[in-house]
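Analysis of the macromolecular model
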There are 2 protein chains.
Amino acid sequence: MVPPNGRLPLSRERVLAAGLALADAHGLESLTMRRLGEALHVEAMSLYKHVANKGDLLDGMTDLVFAEIALPPDGAAWRPAMRDRAISARAALRRHPWATALVSSRTSPGPATLRHHDTVLRTLRTGGFSVPLAAHAFSAIDSYVYGFALQEATLPFDTAEEAAEVAQTMFARMAADRYPHLTELTVTHVLQPGYDYGAEFEYGLDLILDGLERALAAT
Amino acid sequence: MVPPNGRLPLSRERVLAAGLALADAHGLESLTMRRLGEALHVEAMSLYKHVANKGDLLDGMTDLVFAEIALPPDGAAWRPAMRDRAISARAALRRHPWATALVSSRTSPGPATLRHHDTVLRTLRTGGFSVPLAAHAFSAIDSYVYGFALQEATLPFDTAEEAAEVAQTMFARMAADRYPHLTELTVTHVLQPGYDYGAEFEYGLDLILDGLERALAAT
DNA sequence: AGTCCTACGCTTACAACGTAAGCTCGTCAA
DNA sequence: TTGACGAGCTTACGTTGTAAGCGTAGGACT
């Protein structure tokens, strides 16, 4: 099993994991076949023995991210289940910001992705949702989660200090009084100590869950 | 003004517009500097007289898409204003599917983008929203719109017939009974004649607006 | 009229990318 | 012992973004 020469052999899993690590560390744009090979102490072309092409690599990485999302246990109540899964999904997309952009460009879902969606639907259906209402719920929640992750990934800062710095240079460039309300929001809210954009997530999520609960009750 | 030789001169506007047209017609991945030059009957390097680099080009194109979104008129009631603008935004992102992915990778907003955001905030504030509640509303609606557009852009089909075809090959590959609820949803709902994923958009949107209205009333 | 400057488009060149084609060589079954 | 197989390597090609510098036409000024 273990080869007598020093290094353990490549495998699809090792390639995907290394790709994920590289994208996490230095961004998706710096994930090239040559650099990925380097990280694995292998020539670029050797990767093609385990991955059909770069698209296949990205598909596999995307599926790995989906596999990190916690799935609701069998028989869980729909509302906490949806809430937990949405929070878990956002956390996964936040750990791997490049993945949000990939979701849009890669069209063929992997097994973890399919399993994920199927479990969500099961939870809704056993929670009393009709098929059309389950479709509504699924679409609304997923759109919100992806969209939030997309915006979060776009923010060019992670900490409050960085935010302040960015806002500073932004306003310097844009003549603050041309966008008075944007300025107001930034100065009196976003730049306040303790502000955390991530906290917005649960507010909007609960807005949607409230609405779905009402819609379900009206059935 | 008009040069004596045949062709009218390049300009940043012409370059951006041609880029947008090319991306619309053949997808973002086929937008290369050489092809863009060809479309304008110019060599690739000439474009750099009007655009700093490809990133600048993409930023400009993104801002053009934002400029297509209808802004609420002064003094409009917040709820119809938010509704119309969300619908208009989705329509613009649907016309230019590549733009949704760009929003995530491009960090520096253009003037149309800033103006757009500022107008939205103005409408909310004059509608009675406090700054924090306006932030909540802004974040929730925008996340939903982008997320929906992202999912819509991912769908590998445009018409119901194409959808049926795609579903067919997908299920053939994935052993239908491994994902029973996904199968149920697809067969009894998505593949029904007249199904239109786009219709889901307004359902989720109204869910959010209902919630915001309630939150505002509770102030 | 002659001179110069400035824009703008063109040419050439290069490093980095994804990947096709074919090679090498260690491992193991027969 | 042999022969096949498969993982990793080498080489090579076309395409990409863009740096550097050239040519030239038109307008401004003397």
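Residues numbered from 1 in each chain as written. Chains lettered and ligands numbered in written order. Predicted model: local features only at pLDDT ≥ 70, side-chain atom pairs only at ≥ 80, totals over all residues. Heavy atoms only, no water.

1. Some thoughts on the protein's contact with DNA strand D
The following threshold applies: Being near a molecule or strand, for a residue, means having at least one of its heavy atoms within 4 Å of it. Identification of polar contacts relies on pairs of N or O atoms within 3.5 Å, with a donor-acceptor requirement for protein atoms, meaning one able to donate a hydrogen and the other able to accept it, and with residues adjacent in sequence counted only if both atoms are side-chain atoms. Helix and strand assignments follow DSSP, with helices taken as H or I runs no shorter than four residues and strands as E runs no shorter than two, numbered in order from the N terminus.
DNA strand D sits among 19 residues. The nearest are Glu43(A), Ser46(A), Arg34(B), Tyr48(B) and Lys54(B). At 2.9 Å, a side-chain N or O of Ser46(A) approaches a phosphate oxygen of DNA strand D. Take His50(A): an N or O atom from its side chain is 2.8 Å from a phosphate oxygen of DNA strand D. Among the elements that take part in the surface near DNA strand D, helix α2 (residues 33-39) of chain B stands out by supplying three residues, more than any other.

2. Digging into the relation of the copies chain A and chain B
Definition in use: We superpose the copies by least squares over the C-alpha atoms of residues that have a pLDDT of at least 70 in both of them.
Turning chain A through 180° and shifting it by 0.0 Å along the axis lays it on chain B, with an RMSD of 0.1 Å. A rotation of that kind, with that shift, is consistent with a two-fold axis. In terms of C-alpha distance to the rotation axis, chain A has Gly147(A) as its closest residue, with the C-alpha 1.8 Å off the axis.

3. Digging into the UniProt feature "DNA-binding region" (unreviewed entry) in chain A
Stated precisely, the cut-off is as follows: UniProt positions are given in the numbering used here, feature names are shortened, and annotations may be inferred rather than shown by experiment.
Per the UniProt record, the feature "DNA-binding region" (unreviewed entry) sits at residues 32-51 of chain A. The span residues 32-51 of chain A is 35% helical and 0% strand by assignment, and the distance between its end C-alpha atoms comes to 13 Å.

4. Quick word on the packing of aromatic side chains
Note the cut-off: Whether two aromatic rings pair depends on their centres lying within 6.5 Å, for rings of Phe, Tyr and Trp, where Trp uses its six-membered ring; planes under 30 degrees apart make the pair stacked, over 60 edge-to-face, and the rest tilted.
This model, assessed by the stated rule, comprises ten aromatic pairs over all chains. In this structure an aromatic cluster arises from ring pairing among Tyr144(A), Phe148(A), Tyr197(A) and Phe201(A).

5. Points about the interface of chain A and chain B
Worth spelling out the cut-off: Any pair of residues with heavy atoms lying within 4.5 Å of one another is described as a contacting pair. Buried area counts how much accessible surface, traced with a 1.4 Å probe, disappears from two parts once they are put together, with both parts' losses summed. Definition used for salt bridges: Asp or Glu carboxyl oxygen within 4 Å of a side-chain nitrogen of Lys or Arg. Residue classes follow a fixed rule: Ala, Val, Leu, Ile, Met, Phe, Trp, Tyr, Cys and Pro count as nonpolar, while Asp, Glu, Lys and Arg count as charged, and any other residue, Gly among them, counts as polar.
At the interface, 52 residues of chain A touch 52 residues of chain B. Of the roughly 4,500 Å² buried where chain A meets chain B, counting both sides, 68% is carbon and sulfur surface. Inspection of the region where chain A meets chain B yields two salt bridges. For Glu184(B), the salt bridge identified is with Arg125(A), shortest N-O distance 2.8 Å. Counting across the interface, chain A meets chain B through 14 residue pairs in polar contact (both at pLDDT 80 or more). For the side of chain A that touches chain B, the secondary-structure elements that each account for two or more residues are α5 (97-105), α6 (111-126), α7 (131-154), α8 (160-174), α9 (180-190) and α10 (200-217) of chain A. Among the elements that take part in the side of chain A that touches chain B, α7(A) stands out by supplying 16 residues, more than any other. By residue class, the composition of the side of chain A that touches chain B is 27 nonpolar, 15 polar and ten charged.

6. Focus: the pattern of salt bridges
Residue and element names in this part refer to chain A. Our working definition: A 1.4 Å probe rolled over the protein chains alone gives each residue an accessible area, and that area as a share of the maximum for its type sets the label: buried under 20%, exposed over 50%, partly exposed in between.
Applying the stated rule across the entire model yields 24 salt bridges over all chains. Residues Arg85 and Asp142 are paired through a salt bridge, measuring 2.7 Å at the closest nitrogen-oxygen approach. In this pair, Arg85 is assigned in helix α4 (residues 78-95) and Asp142 in helix α7, connecting sequence segments 57 residues apart. When its relative accessible area of 3% is taken as the criterion, Arg85 is described as buried.

7. Structural notes on the protein's contact with DNA strand C
Around DNA strand C, the structure places 18 residues, and the nearest of them are Arg34(A), Lys54(A), Glu43(B), Ser46(B) and His50(B). By atom count, sugar and phosphate contribute 45% of the portion of DNA strand C lying within 4 Å of the protein. One of the side-chain nitrogen or oxygen atoms of Ser46(B) is found 2.8 Å away from a phosphate oxygen of DNA strand C. When residues of the surface near DNA strand C are assigned to their parent elements, the largest contribution, three residues, is made by helix α2 (residues 33-39) of chain A. Tallied by class, the residues present in the surface near DNA strand C amount to eight nonpolar, four polar and six charged.

8. Details of a negative patch on the surface
For clarity, the threshold we go by: Patch definition: residues with relative accessible area over 30% and no salt bridge; like charges joined within 9 Å; nonpolar side chains (Val, Leu, Ile, Met, Phe, Trp, Tyr) joined within 5 Å. Only the protein chains shown count as cover for residues, and the accessible areas themselves come from Shrake-Rupley with a 1.4 Å probe. Just so you know, the count uses Lys and Arg for positive and Asp and Glu for negative, and it drops His and the chain ends. By convention, the point assigned to a charge is CZ for Arg, NZ for Lys, CD for Glu and CG for Asp.
A grouping of Asp158(A), Glu161(A), Glu162(A) and Glu165(A) is seen on the molecular surface, where their side chains present a negatively charged patch. Position of Glu162(A) among the secondary structure elements: in helix α8.

9. Quick notes on the packing of α6(A) against α7(A)
Residue and element names in this part refer to chain A. Basically, it comes down to this: Fitting a line to C-alpha atoms yields each axis, with helices limited to the stretch in contact; the angle taken between N-to-C directions then spans 0 to 180 degrees. Each angle gets one of four labels, with under 35 degrees taken as roughly parallel, over 145 as roughly antiparallel, 65 to 115 as roughly perpendicular, and the rest as oblique. Take the far helix as the reference: if the near one is turned anticlockwise from it by less than a right angle, the crossing is left-handed, and if turned clockwise, right-handed.
Here α6 crosses α7 at 130°, and the two axes come no closer than 10 Å. In terms of their interaxial angle, α6 and α7 are classed as oblique. The way α6 lies across α7 gives a crossing that is right-handed. The segment α6 lies against α7, with His117, Val120, Leu121, Leu124 and Arg125 engaging Val131, Ala134, Ala137, Phe138, Asp142 and Tyr146.

10. As for the side chain of Asp142(A)
Looking at Asp142(A), the relative accessible area reads 2%, which means it is buried. Side-chain polar atoms of Asp142(A) contact the side chain of Arg85(A), separated by 2.7 Å. The residues contacting Asp142(A), other than those within four sequence positions of it, are Arg85(A), His117(A) and Gln151(B).

11. Observations regarding the environment of Asp56(A)
Residue and element names in this part refer to chain A. Mapped onto the elements, Asp56 comes out in helix α3 (residues 54-67). Residue classification places Asp56 among the partly exposed positions, given a relative accessible area of 21%. In the structure, Asp56 is positioned 52 residues away from Ser108 in sequence and 9.5 Å away in space, judged by C-alpha atoms. Discounting residues that sit within four places of it in the chain, Asp56 has contacts with Arg12 and Val51.

12. Points about the UniProt feature "domain: HTH tetR-type" (unreviewed entry) in chain A
Those places that UniProt annotates as "domain: HTH tetR-type" (unreviewed entry) correspond, in this numbering, to residues 9-69 of chain A. Span residues 9-69 of chain A is 59% helix and 0% strand, its end C-alpha atoms 29 Å apart.

13. A few points about the nonpolar core
Note the threshold: The definition of a nonpolar core used throughout is a set of buried Ala, Val, Leu, Ile, Met, Phe, Trp, Tyr and Cys residues joined through side-chain atoms within 4.5 Å.
Ranked by size, the top nonpolar core spans 123 residues in total, and within it Leu36(A), Leu57(A), Ile141(A), Leu36(B), Leu57(B) and Ile141(B) carry the most contacts. Dropping the residues within four chain positions of it, Leu36(A) is found in contact with Val15(A), Ala18(A), Gly19(A), Leu22(A), Leu31(A), Leu47(A) and Leu57(A).

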